[in-house]
Structure formats: structure tokens, C-alpha cells
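What follows is the residue order along each chain.
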Amino acid sequence: MPIPHEPISHDALLEIAVAAGQEAGALLVQYAEAGFHIEYKNPINLVTDADRAAEQCVIERIRAHFPTHRFLAEEQGRLEKTQSPYLWIIDPLDGTTNFAHGYPTYCVSIGLEYEGHCVLGLVFDPTRNDLFTAIEHRGARLNGRPIHVSNTMVLDSSLLVTGFAYDIRETPRNNLDHFSNFALKAQGLRRTGSAALDLCYVAAGRFDGFWEVRLNPWDMAAGSVIVREAGGRLTDFSGKDLSIYGQELVASNGQIHDAMLAVLNQETP
Ligand code: IPD
Ligand code: CA
Ligand code: CA
């Protein structure tokens, strides 16, 4: 298929992505109300027919407008029939365990890379009707209103959030050491079960910082643009700029970032 050389406006791209994300979000709510089928990837890693239906919905809607674009989607993997510079990175249901238990904290996450660089993202929480969006150099928004990271200066006054990967039972790199270290240093710690929303909540100043050890690109693509555009800082545990393909993530308001890195790198007795 021929690939148009003209870059498409970020507004046009975001508009289509928002429509797709909202439609997929509505689909998730329908499944939550009507019932869904659960399969197990491992004893604690679930996938439902709602995940698959929402993913198909997002891909079809975006593809209808941009048929040459490439996709990286959690359930279907890489869909790349062209050399397009555009790559959509999709988590159709971030917070599957919450969803499966009827705990209303989950979202659709859609990020877009252009030539390997994340340029826009949106995260839609259909249970609260919260739509987080960001376009590179144009700021981050929640339901259309600009958002900014918090001004908290020290860990002692910070509300932090983290998560645990599905291989927690199989690996010593299970984040429990960092969890106990932060528990003694922060004002409070939370585990919400949705990494994409955790990032958005850092962007909105609801959390001061977030770390996790084994994330996937679809957990981070959209949320990382939203944090960056809200004035936050994103790195790996060594302080290098975040790569969404690198698993480790530290996201913060910037002020407490070095203190978070120090905790993540402290010697465990
Ligand atoms: C998970 C959630 C969770 C995080 C896990 C992710 P899923 O994604 O974001 O908060 O701790 O590492 O895998 O499976 O609900 O899409
Ligand atoms: Ca996820
Ligand atoms: Ca998911």
C-alpha cells in the first residue's frame, strides 16, 4: 500500500484516536454490565473477551482512517504490513484484574509513535468518564482542561504509586524490596492496578511519583507523553531518559525524582 509522505496533523490523529478510545471504553462498560468470559495466561494473569473486543474496535476505527499505519497491540502483537512512520501502541484494557473483579479502575490506552518517537497519547477511563490527552509540545489535558504535575518537594510528603508484574511469584525482581523501602519513606503508597492511569494521575498531580519494574510498551506509551507534557520527569532506575521498550519506569513531578532514584538504588540489607 502506498504511504503518504505528508505528515498528518496531530489534531487530526488525536481526534480519531479519541473517538476510537471512547468507543472501546463504552464497549468495556457494556461487557462489565452484561458479563464476560475469562481466560488465564497464568494463574494471576487474565484476559477476557472484553480485552479482545476493545482492541479490535480500536484497531478497526484507526485503520478505517489510516489504512497504512502500523500497530503494536497487547493481545494481537505487531501488525505491520507497511513501512509507515506511524505506530499505534494500544492497551485495550489496562487494569484487567480490576475489571474482572468489578473494581472500577481501568482504562483504554492509545499512544502514537512517529518515526520511533511518542508524539501523542490518550487514556480513557470509562468508569469516571476521564479522558486524559496530550500532544507533544502542546501540554496535557483532562477532559479538555490543562493539567500539571504536583509541587510536592520531598518524599516525606509524597503519595506514591506502584504495581507488580504477573511474574511476581517466579522472579526475585518482584518489586517487593522497593515497595518496603518506599513504605518507610513516603507519606503513602498505593497500588491501583492500572499503570496507564497511574501515569495520568502523576500528570494530574494526584500522585507525586510512580515506579514499576517490568512494564510493557503498551502500558507506558500514552501515559508517558501525558506525564512529559504535564511537566513531569520520566526515566529508568538509573536516571536515563525513559524508553517504553525498557521495562523500568520512574515517573514523577520532577522535584522528588532524584530522591526516588536514590531509594530504588539503595542497598537492601
Ligand atoms: C497491568 C496493569 C498493572 C501493572 C501490570 C500491568 P493489564 O496491565 O497496568 O497496574 O502493575 O504490570 O501488566 O494486564 O491490566 O493490561
Ligand atoms: Ca496493561
Ligand atoms: Ca491490558
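Numbering of residues starts from 1 in each chain and follows the order in which that chain's sequence is written. Numbering of ligands from 1 and lettering of chains from A proceed in the order in which they are written. Where local features are concerned, this predicted model is filtered to residues with pLDDT of at least 70; where side-chain atom pairs are given and counted, the filter is 80 or more; whole-chain, interface and lining totals use all residues. Excluded from the side-chain calculations are hydrogens and water; all other atoms, namely the structure's heavy atoms, are used.

Caption draft 1: Expanded view of the overall build of the chain. Helix and strand definitions follow DSSP, with helices as H or I runs of at least four residues and strands as E runs of at least two, each counted in order from the N terminus. Along its length, the chain carries 7 helices and 15 strands. In this setup the radius of gyration rests on C-alpha atoms only. A globule is expected at 2.2 Å times the number of residues raised to 0.38. For 269 residues, the compact-globule estimate of 2.2 N^0.38 gives 18 Å, and the chain sits close to it at 18 Å. Overall, the C-alpha framework of the chain stretches about 55 × 40 × 30 Å when taken along its three principal axes. The buried share among the 269 residues of the chain stands at 54%. Counting only contacts in the chain whose residues sit at least 6 apart along the sequence, the fraction spanning at least 24 positions is 63%. Note on areas: these come from Shrake-Rupley sampling with a 1.4 Å probe, and a residue is covered only by the protein chains present in the view. For the chain, the accessible surface area stands at approximately 12000 Å², while carbon and sulfur atoms represent 50% of it. Of the charged side chains in the chain, 21 are positive and 34 negative, and the gap between their average positions amounts to 1 Å. Working definition: with a 1.4 Å probe on protein chains only, accessible area under 20% of the residue-type maximum means buried, over 50% means exposed, and in between means partly exposed. By definition in these notes, contact holds between two residues if any of their heavy atoms fall within 4.5 Å. Under the convention used here, Asp and Glu are negative, Lys and Arg are positive, and both His and the chain ends fall outside the count. For this purpose, a charge sits on NZ of Lys, CZ of Arg, CG of Asp or CD of Glu.

Caption draft 2: Fine view of the side chain of Ser194. Take Ser194: it is sitting in the loop between strand E12 (188–190) and helix H5 (195–203). Given the relative accessible area of 0%, Ser194 is considered buried. Those residues in contact with Ser194 that sit more than four places away from it in its chain are Asp94, Gly95, Asn98, Thr105 and Cys107.

Caption draft 3: Inspection of the packing of helix H4 (residues 176–183) against helix H7 (residues 257–264) at higher detail. Note on method: axes are straight lines fitted to C-alpha atoms, helices fitted across the in-contact stretch only, with angles between N-to-C directions ranging 0 to 180 degrees. Two elements in contact, H4 and H7, have axes separated by 9 Å at closest approach and are oriented at 125 degrees. Here H4 is positioned oblique relative to H7, judged by the angle of their axes. Crossing hand, H4 versus H7: right-handed. Only Met260, Val263 and Leu264 of H7 make contact with H4, whose side of the interface consists of His178, Asn181 and Phe182. Angular relationships are summarised with four words: roughly parallel below 35 degrees, roughly antiparallel beyond 145, roughly perpendicular across 65 to 115, and oblique for the angles in between. A clockwise turn of the near helix away from the far one marks a right-handed crossing, whereas an anticlockwise turn of less than a right angle marks a left-handed crossing.

Caption draft 4: Highlighting the coordination of the calcium ion (ligand 3). Within the first shell, the calcium ion (ligand 3) binds the protein through Glu74 (OE), Asp91 (OD) and Leu93 (O), at distances of 2.2 to 2.4 Å. Donor criterion used throughout: N, O or S atom within 2.8 Å of the metal, extended to 3.2 Å for Na, K and Ca. Water excluded; incomplete-looking sites may result. Look at where the donors of the calcium ion (ligand 3) fall in the sequence and you get E-x16-D-x1-L. Here the calcium ion (ligand 3) and the calcium ion (ligand 2) are spaced 3.8 Å apart, linked through Asp91, which binds each one. Placement of the pair is Glu74 in the loop between strand E3 (70–73) and strand E4 (77–79) and Asp91 in strand E5 (residues 86–94), with a sequence separation of 17 residues.

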